[in-house]
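Structure at a glance
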Amino acid sequence: GSLHYQVVAHGLSSGEQRNIEATIALTPESVFQYALFGNQQVNVSGNATTDSYDSRLGSYASQTPTHDGDVGTNSTSAGGVSVGGSIFVDGQVVVGPNVSNPSSLVTGYDPAFITGGTSPPTDTQDVVSASATFPLPPVVVPPELTCNDFTVQGSTNLVLAPGTYCYHNLTIQGNANMTASGEGTVYVTGQLTAQGNSVVGVVNDPTKMLFLMTATAGATLEQTISGNNTFYGAIYGPQATFDIQGNATIYGSVIARQVNVSGNAEIHYDKAMTTIDEVSNLYKTSLVSWREL
């Protein structure tokens, strides 16, 4: 069956053979494991904070923030995480694999502003090296979708019906809202711009809106969230550069090639993001059953 495998093993000892049959299941795991992840770099020139909550338990305001607002990169070079401004990470900073001195990759590193994901904070777990490269599978737009430019006009409220959509350049103008009445997947092949005082996503459940960014002809995308913008959802763009500007607030997760924070951003990682397996980069292996033949 799908993602189920049958394994038969034979063992021989002193002329006696035993045979074991096992059924193994692979369960997709969500790519959304971080508040912010930049495959090549996370660059903070403004002021930013990260922490976490769980939308399955209610709103962010109704909970005490938890310590899973992790920031990550696959980079193994100095400046993989570059802090020219200030960032308070209520969680860990994770760099690429096999780095003997992980904190050396964080320029502007200040242990006082990273909790290490513990309470009380501990400097020993602030910056860690991943055990392996975090895979980022490419985004492929379904061939049956047509992708045109689209603008949500200012001071309007667009509610998407459950389904899959594709846009080339998607612009949400100031004071506009873009939400969904159910689960919505939005492909963007050009530029995503959410302008000042706009609200994007489903407030009570950020897992309902998934934005998948892809590039054509190897182009680099620049996705901008600016002004007093509030975003509820998951953004995945392994070839994209995301610029988070102004006083933007994000409830969910951002995974990209590079993330630039130049404003006073708040990123609240929603731990419910781990239920989104539409984009999966890893699999959990489990034993379903076994028997001796």
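Residues numbered from 1 in each chain as written. Predicted model: local features only at pLDDT ≥ 70, side-chain atom pairs only at ≥ 80, totals over all residues. Heavy atoms only, no water.

Predicted coordinates in areas of low pLDDT are best not read in detail. Put simply, the chain has an average pLDDT of 92, and 97% of its residues get 70 or more. A low-confidence stretch, residues 217-221 (pLDDT under 50), is modelled with 13 contacts involving residues beyond four sequence positions or located in other chains. (pLDDT = per-residue confidence, 0-100. Contact = heavy atoms within 4.5 Å.)

Attention now moves to the pattern of salt bridges. This structure, assessed with the given rule, holds five salt bridges. Between R18 and E292 there is a salt bridge, and its shortest N-O distance comes to 3.1 Å. In this pair, R18 is assigned in strand β2 (residues 16-30) and E292 in strand β23 (residues 280-292), connecting sequence segments 274 residues apart. What makes R18 partly exposed here is its relative accessible area of 45%. Measuring nitrogen to oxygen at the nearest pair gives 3.4 Å for the salt bridge that ties D68 to K271. In this pair, D68 is assigned in the loop between β4 (47-53) and β5 (71-73) and K271 in the loop between β22 (264-270) and β23, connecting sequence segments 203 residues apart. Here the salt bridges share partners, and the residues they tie into one network are E16, R18 and E292. (Salt bridge = Lys/Arg side-chain N within 4 Å of Asp/Glu carboxyl O. Helix = DSSP H or I, 4+ residues; strand = E, 2+ residues; numbered from the N terminus. Buried < 20%, exposed > 50% of the residue type's maximum accessible area, 1.4 Å probe, protein only.)

Let us now look at the state of the cysteines. The full count for this structure, using the stated rule, is one disulfide. A disulfide bridge connects C147 with C166, and the sulfur atoms are separated by 1.9 Å. Handedness here is read from the sign of the S-S torsion; for C147 and C166, about 95°, the answer is right-handed. Highlighted residues: C147 in the loop between β10 (127-129) and β11 (148-152) and C166 in strand β13 (residues 163-172), separated in sequence by 19 residues. (Disulfide = S-S within 2.5 Å.)

Here we come to the packing of aromatic side chains. As enumerated under the stated definition, the model contains ten aromatic pairs in all. Ring geometry for Y34 versus F134: centroids 5.4 Å apart, planes at 80°, classification edge-to-face. You can see Y34 sitting in the loop between β2 and β3 (36-44) and its partner F134 sitting in the loop between β10 and β11, a full 100 residues away along the chain. As far as burial versus exposure is concerned, Y34 and F134 are alike and both buried. (Phe/Tyr/Trp six-rings, centres within 6.5 Å; stacked < 30°, edge-to-face > 60°.)

Together, I20, L287 and W290 give the surface a local cluster of nonpolar side chains, amounting to about 330 Å² of exposed area. Along the chain, the position of I20 falls in strand β2. (Patch = residues over 30% accessible without salt bridge, like charges linked within 9 Å, V, L, I, M, F, W, Y side chains within 5 Å. Areas by Shrake-Rupley, 256 points an atom, 1.4 Å probe, with all protein chains shown as cover.)

This part is about the sheet that holds β2. Strand order in the open sheet formed by three strands is β1-β2-β23, and the pairing between neighbours is antiparallel. Since the sheet does not close on itself, it has two edges, and those belong to β1 (4-13) and β23, each with one partner. Taken pair by pair, the neighbouring strands of this sheet meet at an average axis angle of 30°, ignoring direction. Pairing of β1 with β2 involves ten bridges; the strand directions are antiparallel. Residue L12 lies in a different strand from β2, and its bridge partner there is Q17. (Pairing = 2+ DSSP bridges. Axes fitted to C-alpha atoms, helices over the stretch in contact; angles between N-to-C directions.)

With respect to the secondary-structure elements, T73 resides in strand β5. Classification of T73 as buried rests on a relative accessible area of 2%. Reaching out from T73, the side chain makes a polar contact with the backbone nitrogen of S75 at a distance of 3.1 Å. Non-local contacts of T73, meaning those with residues more than four positions away in its chain, are made with F37, G38, N39, Q40, Q41, G80, V81, V94, V95 and G96. (Polar contact = N/O pair within 3.5 Å; in protein donor to acceptor, adjacent residues only side chain to side chain.)

Before going further, it helps to spend a moment on the pairing of strand β21 (residues 249-261). Within β21, 13 of the 13 residues are buried, which leaves the element mostly enclosed by the surrounding structure. By the bridge criterion, seven bridges tie β3 to β21 in an arrangement that is parallel. Along β21, the bridge assignment pairs V44 with V261. Bridging between β21 and β22 involves four bridges; their strand directions are parallel. Each residue of the ladder has a partner; that of Y251, found in β22, is H268.

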